[in-house]
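The lines below spell out each chain.
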Amino acid sequence: MLPASRYSSKAHRCIRALTAVQGEHGAPQLYTTVRRACSSGTAPRITTHYTIHPRDKDPRWEGMEMERFADEADVVIVGGGPAGLSAAIRLKQLANEHQKELRVCLVEKAPQIGAHTLSGACLEPSALTELFPDWKERGAPLNTPVTEDVFNIFTKSHRIPVPILPGLPMQNHGNYLVRLGNFVRWLGEQAEELGVELYPGYAAAEVLFHEDGSVKGVATNDVGIAKDGSPKDVFERGMELHAKVTLFGEGCHGHLAKQLYKQFNLRENCEPQTYAIGLKELWMIDEKKWKPGRTEHSVGWPLNRHTYGGSFLYHLNEGEPLVSLGFVVGLDYTNPYLSPFKEFQRWKHHPFVAATLEGGQRIAYGARALNEGGFQSIPKLTFPGGLLIGCSPGFMNVPKIKGTHTAMKSGMLAAEAIFPKVTAEEPNSETTGLHVPEYAESLKNSWVWKELHSVRNIRPSFHNPLGLYGGMVYTGIFYWILRGKEPWTLKHRGMDAHQLKPAKECTPIEYPKPDGKISFDLLSSVALSGTNHEGDQPPHLTLKDDSVPVARNLAVYDGPEQRFCPAGVYEYVPVETGDGMRLQINAQNCVHCKTCDIKDPSQNINWVVPEGGGGPAYNGM
């Protein structure tokens, strides 16, 4: 059952230990989703996924064997990113130090560890040094120390250099430019050496609960379901992984975390999360233009002053003249005609950027959403049977444009908090799934909390009549002088999905055509992401109501999903009869960025996991 990979050699015993789940853990758990019918009988069927159309109501599923197998671990971790792997590593380090037997299982939807990882990335090594003081001797792929910092405000044709004063968040002395996918793959190797069982290619699709309501573990996704929602001959149920504690480190806007927020009301005392979309490319450039260790950041053009965003361009030292460049757009933008992808392509034609890229070759492309809510948007982190770690709850330091170090530290703190309880002979817990509130207290007493609190007002300060410029003045005065000690906390605007204005109130944006040398079209870009999904499966971009896209999104906002998606997943096409338009979902293109789930003004799109192993195939992004 498990994929044959370098990460599963120690994990085969998991399958040998599988035991059939009986009674309460059998088929009834499958049918917990509330049925939502389309509001319009004339809307064409788009969504066929069982989370919208339950299988207990579908005669095609009658008589199908729905029993699942289960395995027991001490700790289950969902997500093989920096947070999940750091937690797994720290748990095994503690187990070795205390000579304890501890079974740690980690599931990751990507086919290989690191294959879905995308970031700039400029890495602050503080958490890594705590986790592995000897990381250099271990061969961690941190090959490019930052040697030069450049920050500019762009106009259409010029740049205004901005000095990076000591103490400002953008100062990168002591940091490293990395290809984060390679770094995560290295973390996976360290985890496996310590005895962590890694299961790449297995997507956690469902949260399991004990009878007392505490989290019991997760179930991986079923495979062998046809595009129309019917079972194939090769249909196979997912497996259950039960644990004393389950750590959820799915990354930004995880689909299981969304369920947990509602189940345990985790966002009761925090602001809604706000997000950005980050688009990235890797280029091979002329060696004469290559300056290893140089970081370049910009704000301003091509975005207007009321649209939050900016860019990065990093010169990597990987033995060849590589640069990593990207563009970030806050998803609280208001104009439905804005296309983050096309803004990125337009930005590359700025004279200061184009001079680096001319004569070069683009070799990779990808995109992902980023948490930007910061301190104000951190939810409750613990609940009976589980914890949230990393970018799932959102520990990104937005002004620094860094979240890897805080994500890693959160995973390490989670490991240190749960270890005494999962190894205790009689754990002190009122629920079957262990509740570990000590994790939240440890985090609040750590440098992560202090760091996020100090920069809490920088992102929301851009919501002012002067926009970008007012935010920069605020940062220059209050952060540089007071270091975040001002006695007030600014608020965000609210949910990003609610910020779009109706199309009739906005001006369409005319974007230049790509030249095929510096700027490119969307589909050729998606091809460079390596994304791929089994075609004959229900689209994992599900709609709660198939009639909403045309009736509301197209009618009111002119179909913004066809512009905010960075992979060409959504397009409006004429219906076959020629009467009106319909939404077409090209799920095979999806790069798992989650932007659609976040920005959809109707909040009608629900991103769920596809069959494990599907998605982008990033190589060191």
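Residues numbered from 1 in each chain as written. Predicted model: local features only at pLDDT ≥ 70, side-chain atom pairs only at ≥ 80, totals over all residues. Heavy atoms only, no water.

As named in an unreviewed UniProt entry, the chain is Electron transfer flavoprotein-ubiquinone oxidoreductase, taken from Oryzias javanicus. Per UniProt, the chain carries the Catalytic activity (unreviewed entry) text "a ubiquinone + reduced [electron-transfer flavoprotein] = a ubiquinol + oxidized [electron-transfer flavoprotein] + H(+)". The UniProt entry for the chain carries the following comment under Subunit (unreviewed entry): "Monomer." (UniProt positions renumbered as here; feature names shortened; annotations may be inferred.)

The next point concerns the overall build of the chain. Helix and strand content of the chain: 15 helices and 25 strands. Expected size for 621 residues packed as a compact globule is a radius of gyration near 25 Å; at 24 Å, the chain falls within 12% of this value. With the principal axes as the frame, the chain shows a C-alpha extent of 70 × 70 × 50 Å. Looking at the chain as a whole, 63% of its 621 residues qualify as buried. Carbon and sulfur atoms form 51% of the exposed surface of the chain, whose accessible area is close to 24,500 Å². Of the charged side chains in the chain, 64 are positive and 68 negative; the average position of the first set lies 6 Å away from that of the second. (Helix = DSSP H or I, 4+ residues; strand = E, 2+ residues; numbered from the N terminus. Rg over C-alpha atoms; globule rule 2.2 N^0.38 Å. Buried < 20%, exposed > 50% of the residue type's maximum accessible area, 1.4 Å probe, protein only. Areas by Shrake-Rupley, 256 points an atom, 1.4 Å probe, with all protein chains shown as cover. Lys, Arg positive; Asp, Glu negative; His and termini not counted. Charge placed at Lys NZ, Arg CZ, Asp CG, Glu CD.)

For the structure on display, the rule yields 17 aromatic pairs. Ring geometry for Phe-154 and Phe-352: centres 6.2 Å apart, planes at 75°, overall edge-to-face. Taken as a pair, Phe-154 in strand 6 (residues 148-154) and Phe-352 in helix 7 (residues 351-357) lie far apart in primary sequence, 198 residues in all. With a centroid separation of 4.9 Å and an interplanar angle of 90°, the aromatic rings of Tyr-308 and Phe-462 are classed as edge-to-face. Taken together, the residues Tyr-308 in the loop between strand 16 (294-300) and strand 17 (309-317) and Phe-462 in the loop between helix 10 (447-454) and helix 11 (468-482) connect sequence positions 154 residues apart. Residue classification places Phe-462 among the buried residues on the basis of a relative accessible area of 15%. By way of ring pairs, the aromatic residues Phe-209, Phe-248, Phe-264 and Phe-383 are connected into one cluster. Its end group placed over the ring of Tyr-50, Arg-55 keeps NZ or CZ at 3.8 Å from the ring centre. Positioned above the aromatic ring of Trp-607, the side-chain terminus of Lys-594 is 4.5 Å from the ring centre. (Phe/Tyr/Trp six-rings, centres within 6.5 Å; stacked < 30°, edge-to-face > 60°. Lys NZ or Arg CZ within 6 Å of the ring centre and 35° of its normal.)

A few words now on the sheet that holds strand 8 (residues 176-177). Sheet strands pair via backbone hydrogen bonds, and the direction of the pair is either parallel or antiparallel. Ordered by their spatial adjacency, three strands build an open sheet running 4-8-5, and the pairing between neighbours is antiparallel. Both edges of this open sheet fall to strand 4 (122-123) and strand 5 (144-145), since each of them pairs with a single strand only. Relative to strand 8, strand 5 is paired through two bridges, and the arrangement is antiparallel. Following the sheet pairing, Pro-145 is matched in strand 8 by Tyr-176. (Pairing = 2+ DSSP bridges.)

In this model, the second largest pocket occupies a volume close to 640 Å³. Lining the second largest pocket are 30 residues, and of these Phe-151, Met-170, Val-299, Pro-399 and Phe-462 lie nearest its centre. Mapped onto the lining of the second largest pocket, the elements with two or more residues apiece are strand 16, strand 17 and helix 11. Examining the composition of the lining of the second largest pocket, we find that five residues originate from one element, helix 11, more than from any other. For the lining of the second largest pocket, a count of residues per class yields 22 nonpolar, seven polar and one charged. (1 Å grid on protein atoms, 1.4 Å probe; cavity = no way out; pocket = protein on both sides within 12 Å on 5 of 7 lines; lining within 4 Å. Points joined across faces, edges and corners; volume = space filled by probe spheres on them. Nonpolar A, V, L, I, M, F, W, Y, C, P; charged D, E, K, R; others polar.)

What follows concerns unusual backbone geometry. With omega at -5°, the peptide bond leading from Gly-120 into Ala-121 counts as cis. Mapped onto the fold, Ala-121 is located in the loop between strand 3 (104-108) and strand 4. With an omega dihedral of 10°, the bond running from Trp-301 to Pro-302 counts as a cis peptide bond. Mapped onto the elements, Pro-302 comes out in the loop between strand 16 and strand 17. Look at Asp-558: it is not a glycine, yet its phi comes out positive at around 60°. For Asp-558, a relative accessible area of 28% puts it in the partly exposed group. Of note in this structure, Lys-594 is not a glycine but carries a positive phi near 75°. Counting through the fold element by element, Lys-594 comes out in the loop between strand 24 (581-585) and helix 15 (595-599). Of the residues examined, Lys-594 reaches a relative accessible area of 6% and is grouped as buried.

Turning to the side chain of Thr-423, a few remarks are in order. Examined against the element boundaries, Thr-423 turns out to sit in the loop between helix 8 (404-422) and helix 9 (438-444). By relative accessible area, which is 18% here, Thr-423 ends up buried. Separated by 2.7 Å, the side chain of Thr-423 and the backbone oxygen of Phe-419 make a polar contact. What Thr-423 contacts, discounting residues up to four positions off in sequence, is Lys-100 and Leu-102. (Polar contact = N/O pair within 3.5 Å; in protein donor to acceptor, adjacent residues only side chain to side chain. Contact = heavy atoms within 4.5 Å.)

This next bit is on a nonpolar patch on the surface. Together, Leu-165, Val-473, Ile-477, Trp-480, Ile-481 and Leu-482 make up an exposed nonpolar region whose accessible area comes to about 520 Å². Here Ile-477 lies in helix 11. A residue is classified by how much of its surface remains accessible, and Ile-477, at 43% relative accessible area, is partly exposed. (Patch = residues over 30% accessible without salt bridge, like charges linked within 9 Å, V, L, I, M, F, W, Y side chains within 5 Å. Salt bridge = Lys/Arg side-chain N within 4 Å of Asp/Glu carboxyl O.)

The next thing to look at is the environment of Pro-351. For Pro-351, the position within the fold is in helix 7. Distance in space between the C-alpha atoms of Pro-351 and Phe-520 is 17 Å, their sequence separation being 169 residues. Ignoring sequence-local partners within four residues, the contact set of Pro-351 consists of Lys-156 and Ser-157.

So, about the environment of Glu-287. Turning to its location among the elements, Glu-287 is positioned in the loop between strand 15 (275-284) and strand 16. Judged by its relative accessible area of 56%, Glu-287 is exposed. Each C-alpha atom, one on Glu-287 and one on Ala-243, is 52 Å from the other, the two residues being 44 residues apart in sequence.

In terms of nonpolar packing, the biggest core is built from 79 residues, with Leu-142, Phe-183, Leu-247, Phe-248, Leu-388 and Tyr-439 touching the most fellow members. Take this core: its biggest share by element is 10 residues, from helix 8. (Core = buried A, V, L, I, M, F, W, Y, C linked by side-chain atoms within 4.5 Å.)

Let us now look at the state of the cysteines. Taken as a whole and assessed by the stated rule, the structure comprises zero disulfides. Lacking any disulfide linkage, Cys-270 is separated from the closest cysteine sulfur, that of Cys-252, by 14 Å. Judged by its relative accessible area of 16%, Cys-270 falls in the buried class. Left without a disulfide partner, Cys-593 is nearest to the cysteine sulfur of Cys-565, which lies 6.0 Å away. (Disulfide = S-S within 2.5 Å.)

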